[in-house]
Amino acid sequence: MTTFIELLNAQVANEFAASQQYVAIAVYYDGETLPQLAAHFYRQAVEERNHAMMLVQYLIDAGEPAAIPGVAAPKTSFGDAIEPVALALAQERRVTEQISALAAAARAEGDLVGEQYMAWFLKEQLEEMSSMSALLKTVERASSSNLLLAEDYLARTSATGEVEDTSAPAAAGGVL
């Protein structure tokens with residue numbers, strides 16, 4: 001098994017762990033009666049699950065074994081409303097490093113198909129880091145006066161009728 005395939009299987013676990021962390025963050029915000037923040041992170045959880053299943057589909061298509069590992073329990077308690085978003089941004093930065101390492105491994109092994117496949121994820125990670133960074137700045141500003149301002153921000157900026165990204169890879173079992 002190549003390094004790229006080993007890293008890809010590890011990334012499946014990373015994506016499922018990210019999904020679980022986003023569920024935990026969403027539950028925290030639900031408990032704080034911040035429904036827009038909760039809904040945002042529930043959507044993020046589904047998106048990370050879909051990313052994991054896209055990687056699984058690649059492994060299936062490539063005739064490689066797909067490991068579906070367990071993941072560590074997510075962080076579920078937070079000191080304030082800023083901490084979950086800061087954690088989410090740190091997580092997105094870590095995932096970007098992981099995806100970059102995957103693309104580099106594919107390139108080093110001369111796996112052009114694998115390298116090209118990872119290009120979509122790199123683009124996605126740039127978008128994720130940008131949007132999470134903006135959300136963190138918004139929550140930081142709002143936390144000193146009124147967190148409902150962050151709720152308003154999400155209500156205005158969240159896509160309600162998101163158009164499916166037709167350039168996205170197929171996900172095993174379909175995208176949720």
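Residues numbered from 1 in each chain as written. Predicted model: local features only at pLDDT ≥ 70, side-chain atom pairs only at ≥ 80, totals over all residues. Heavy atoms only, no water.

Asks: Whenever I open this one, the overall build of the protein confuses me. Can you help?
Replies: Secondary structure assignment for the protein yields 5 helices and 0 strands. Along the chain direction, N to C, the helices and strands of the protein fall in the order α-α-α-α-α. By the compact-globule yardstick of 16 Å for 176 residues, the protein fits well, its C-alpha radius of gyration being 17 Å. The proportion of buried residues among the 176 residues of the protein is 42%. Once local pairs closer than 6 in sequence are excluded, the contacts in the protein between residues at least 24 apart make up 80%. Per element, the accessible surface of the protein, about 8900 Å² overall, is 57% carbon and sulfur. Taking the average location of the 10 positive side-chain charges in the protein and that of its 24 negative ones, the two points are 7 Å from each other. (Helix = DSSP H or I, 4+ residues; strand = E, 2+ residues; numbered from the N terminus. Rg over C-alpha atoms; globule rule 2.2 N^0.38 Å. Buried < 20%, exposed > 50% of the residue type's maximum accessible area, 1.4 Å probe, protein only. Contact = heavy atoms within 4.5 Å. Areas by Shrake-Rupley, 256 points an atom, 1.4 Å probe, with all protein chains shown as cover. Lys, Arg positive; Asp, Glu negative; His and termini not counted. Charge placed at Lys NZ, Arg CZ, Asp CG, Glu CD.)

Asks: Would you mind showing me how to read the layout of surface pockets here?
Replies: Any space left empty among the atoms is revealed by the rolling of a water-sized probe across them. Here the second largest pocket is characterised by a volume of approximately 180 Å³. In terms of lining, the second largest pocket is formed by Asn14, Ala17, Ala18, Gln21, Ala72, Ala73, Pro74, Leu87, Gln91, Arg94, Val95 and Gln98. Counting only elements with at least two residues in the lining of the second largest pocket, the list comes to α1 (3-31) and α3 (82-108). Sorting elements by how many residues they give to the lining of the second largest pocket places α3 first, with 5 residues. Residues belonging to the lining of the second largest pocket are distributed by class as follows: 7 nonpolar, 4 polar and 1 charged. (1 Å grid on protein atoms, 1.4 Å probe; cavity = no way out; pocket = protein on both sides within 12 Å on 5 of 7 lines; lining within 4 Å. Points joined across faces, edges and corners; volume = space filled by probe spheres on them. Nonpolar A, V, L, I, M, F, W, Y, C, P; charged D, E, K, R; others polar.)

Asks: Looking at this model, I keep getting lost on the pattern of salt bridges. Mind explaining?
Replies: A complete count under the given rule lists 4 salt bridges for this structure. The salt bridge partner of Lys75 is Glu83, with a shortest N-O separation of 3.3 Å. Lys75 gets classed as partly exposed once you look at its relative accessible area, which sits at 36%. (Salt bridge = Lys/Arg side-chain N within 4 Å of Asp/Glu carboxyl O.)

Asks: What is the right way to look at the environment of Ser143 in this model?
Replies: Along the chain, the position of Ser143 falls in helix α4 (residues 112-143). Classification of Ser143 as partly exposed rests on a relative accessible area of 33%. Distance from Ser143 to Val71, taken between C-alpha atoms, is 31 Å for residues 72 residues apart in sequence.

Asks: Help me understand the packing of α1 against α3 in this model?
Replies: Axes are the key here: two packed helices are described by the angle between their axes and the distance separating the axes. Axis separation between α1 and α3 bottoms out at 10 Å; the angle between their running directions is 170°. One element, α1, and the other, α3, form an angle in the roughly antiparallel class. In the crossing of α1 with α3, the sense of the turn from one axis to the other is left-handed. Considered class by class, the residues forming the contact of α1 with α3 number 18 nonpolar, 6 polar and 2 charged. (Axes fitted to C-alpha atoms, helices over the stretch in contact; angles between N-to-C directions. Parallel < 35°, antiparallel > 145°, perpendicular 65-115°, else oblique. Left-handed = near helix turned anticlockwise from the far one by under 90°.)

Asks: So what exactly am I meant to see when it comes to the nonpolar core here?
Replies: Across soluble globular proteins, nonpolar side chains have a tendency to be buried as a group. Formed by 24 residues in total, the largest nonpolar core has its most connected members in Phe4, Leu8, Val12, Tyr117, Met118 and Phe121. Among the secondary structure elements, those contributing two or more residues to this core are α1, α2 (35-61), α3 and α4. The element contributing the most residues to this core is α2, with 7 residues. The residues contacting Met118, other than those within four sequence positions of it, are Phe4, Leu8, Ile99, Leu102 and Ala103. Counting 22 residues, the second largest nonpolar core, distinct from the first, contains Tyr22, Val85, Ala88 and Ala150. (Core = buried A, V, L, I, M, F, W, Y, C linked by side-chain atoms within 4.5 Å.)

Asks: Help me understand the packing of aromatic side chains, please; the structure alone is not making it clear to me.
Replies: How two aromatic rings sit relative to each other is given by the distance of their centres and the angle of their planes. Tallied over the entire structure, the rule returns 8 aromatic pairs. Here Phe4 and Tyr58 contribute two aromatic rings whose centre-to-centre distance is 6.0 Å and whose plane-to-plane angle is 90°, an arrangement assigned as edge-to-face. One end of the pair, Phe4, is in helix α1; the other, Tyr58, is in helix α2, and 54 residues separate them in sequence. Owing to a relative accessible area of 10%, Tyr58 belongs among the buried residues under this scheme. One aromatic cluster in this structure is built from Phe4, Tyr58, Tyr117, Trp120 and Phe121. (Phe/Tyr/Trp six-rings, centres within 6.5 Å; stacked < 30°, edge-to-face > 60°.)

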